[in-house]
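These are the residues of each chain, in order.
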Amino acid sequence: MINKIYDSLASAVADVHDGATIMIGGFGNAGMPSALIDALIEQGARDLTIVNNNAGNGETGLAALLGAGRVRKIICSFPRQTDSQVFDGLYRAGKIELELVPQGNLAERIRAAGAGIGGFFTPTGYGTLLAEGKETRVIDGKSYVLESPIHADFALIKALKGDRWGNLVYRKTARNFGPIMATAAKCAIVQVSEVVELGELDPEAVVTPGIFVQRVVAVPPAA
């Protein structure tokens, strides 16, 4: 019987290894799997490469992971904002590497990994520092730069509901990067607000099919 439900956050992240590449869903705090991140901090994996839209907000969630000194490199599109003080301090001190990727390119690089695409040409970033060292090409009179897919060992994702097969639905914009990250990682670990019985999710409404999900943990919303 297929059952991807894990009984604890700790068991779900227990095998995350030092040096792993981890995709973390979320657009700021929307859809950020805070409980899984806290479990990862407790687990102790180090020297991580993190793929995320931004570089943490305030002192919690992804910012707490950075602050704990567990991250060697972050790949993101929006590293600086009014409350990104943890990342700012680490970057200015030379304690973290940054790979800056335009947001559309970031999403497409993740999607390409999940779709088995070896690379793609995009005009975004052409002629800038972000294109240095990359192949360029003129297609139909327009200049493009070659971007490579981003693969990950693990993806940490937040969804609204899931079943024991790993089928997922999301809450509105909390969906953001979750669906493509699930396809691009070897192991997708999902915190859901509610685990439902098989058949309760309308098949037409399932956003991430269970074939892309390996682990599901129930984290009910705080009262």
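Only a predicted model underlies this, so the values are computations on that prediction, with no experimental measurement involved.

Asks: Kindly report on the environment of Val190, identifying the contributing residues and their values.
Replies: With respect to the helices and strands, Val190 occurs in strand β11 (residues 185-195). In the structure, Val190 is positioned 154 residues away from Leu36 in sequence and 8.1 Å away in space, judged by C-alpha atoms. What Val190 contacts, discounting residues up to four positions off in sequence, is Leu36, Ile157, Ala159, Leu168, Val213, Arg215, Val216 and Val217.

Asks: Explain the environment of Gly199 residue by residue, including any values.
Replies: Inspection of the secondary structure assignment puts Gly199 in the loop between β11 and β12 (215-218). Considered as a pair, Gly199 and Ala39 are 160 residues apart in the sequence and their alpha carbons are 30 Å apart.

Asks: Kindly report on the sheet that holds strand β7 (residues 136-139), identifying the contributing residues and their values.
Replies: With antiparallel pairing, 3 strands are arranged side by side in an open sheet as β6-β8-β7. Taken across any chain shown, the strands that pair with only one partner, and hence form the sheet edges, are β6 (120-122) and β7. If you compare each strand with its neighbour and ignore which way they point, the axes differ by 40 degrees on average. Bridge count for β7 against strand β8 (residues 142-147) is 4 bridges, and the pairing is antiparallel. By the bridge assignment, Arg137 is partnered in β8 with Tyr144. Where helix α5 (residues 103-115) meets the sheet, its contacts fall on β6 and β8, and the angle it forms with β6 comes to roughly 170 degrees.

Asks: I'd love a proper account of unusual backbone geometry, names of residues and values included.
Replies: Despite not being glycine, Asp47 has its phi angle at roughly 55 degrees, a positive value. Mapped onto the secondary structure, Asp47 falls in the loop between α2 (34-43) and β3 (48-51). Given the relative accessible area of 40%, Asp47 is considered partly exposed. Within the chain, Lys172 stands out as a residue other than glycine whose phi angle is a positive 50 degrees. When you line up the elements, Lys172 lands in the loop between β10 (168-169) and α6 (178-184). Given the relative accessible area of 65%, Lys172 is considered exposed.

Asks: Outline the pattern of salt bridges, listing residues and values.
Replies: Tallied over the full model, the rule gives 11 salt bridges. Residue Lys73 is joined to Glu99 by a salt bridge in which the shortest nitrogen-to-oxygen separation is 3.2 Å. One end of the pair, Lys73, is in strand β4 (residues 71-76); the other, Glu99, is in strand β5 (residues 97-100), with 26 residues separating them in the sequence. Under the relative-accessibility criterion, Glu99 is labelled partly exposed at 22%. A salt bridge links Arg80 to Asp88; the nearest nitrogen and oxygen atoms lie 3.3 Å apart. Taken together, the shared-partner salt bridges in this structure form one network comprising Lys73, Glu99, Arg109, Lys134 and Glu147.

Asks: How would you summarise the pairing of β4 if you had to cite specific residues and measurements?
Replies: Counting buried residues along β4, 5 of its 6 residues qualify, which places the element largely inside the surrounding structure. In this sheet, β4 lies alongside β3 in parallel orientation, the contact comprising 4 bridges. Each bridged residue has a counterpart across the sheet, and for Thr49 the counterpart in β4 is Lys73. The handedness of the β3 to β4 crossover, carried by helix α3 (residues 62-67), is right-handed.

Asks: Please provide a residue-by-residue account of the nonpolar core, values included.
Replies: Ile22, Ile50, Leu62 and Leu65 are the most contacted members of the largest nonpolar core, which has 32 residues in total. Of all the elements in the fold, those that place two or more residues in this core are β2 (21-24), α2, β3, α3, β4, α4 (85-92), β9 (152-162) and β11. Take this core: its biggest share by element is 5 residues, from α2. Residues within four places of Leu65 in sequence aside, it is in contact with Ile24, Ile37, Leu40, Ile41, Ile50, Arg70 and Val71.

Each value, and the rule that gives it
Position numbers for residues start from 1 in each chain and track the written sequence from start to end. Local features in a predicted model are, by the rule used here, given only for residues with pLDDT of at least 70; side-chain atom pairs are given and counted only at 80 or more, and totals for whole chains, interfaces and linings are based on all residues. Excluding hydrogens and water, the side-chain figures rest on all heavy atoms present in the structure. Secondary structure elements follow DSSP: runs of H or I of four or more residues count as helices, runs of E of two or more count as strands, with numbering from the N terminus. Here, two residues are considered to be in contact whenever any of their heavy atoms come within 4.5 Å of each other. Note on pairing: two strands pair once DSSP finds at least 2 bridges between them. Here an axis means a line fitted to C-alpha atoms, over the contact stretch when the element is a helix, while the angle between two N-to-C directions is reported on a 0 to 180 degree scale. For each residue, the accessible area found with a 1.4 Å probe, counting protein chains only, is set against the maximum for its type, and the residue is called buried under 20%, exposed over 50%, and partly exposed in between. Salt bridge, as applied in this entry: a Lys or Arg side-chain nitrogen positioned within 4 Å of an Asp or Glu carboxyl oxygen. Here the term right-handed applies to a crossover when the path leading from its first strand over the helix to its second strand runs clockwise, the strands being oriented away from the viewer. Nine residue types can take part in a nonpolar core, namely buried Ala, Val, Leu, Ile, Met, Phe, Trp, Tyr and Cys, and a core is a set of them joined through side-chain atoms within 4.5 Å.

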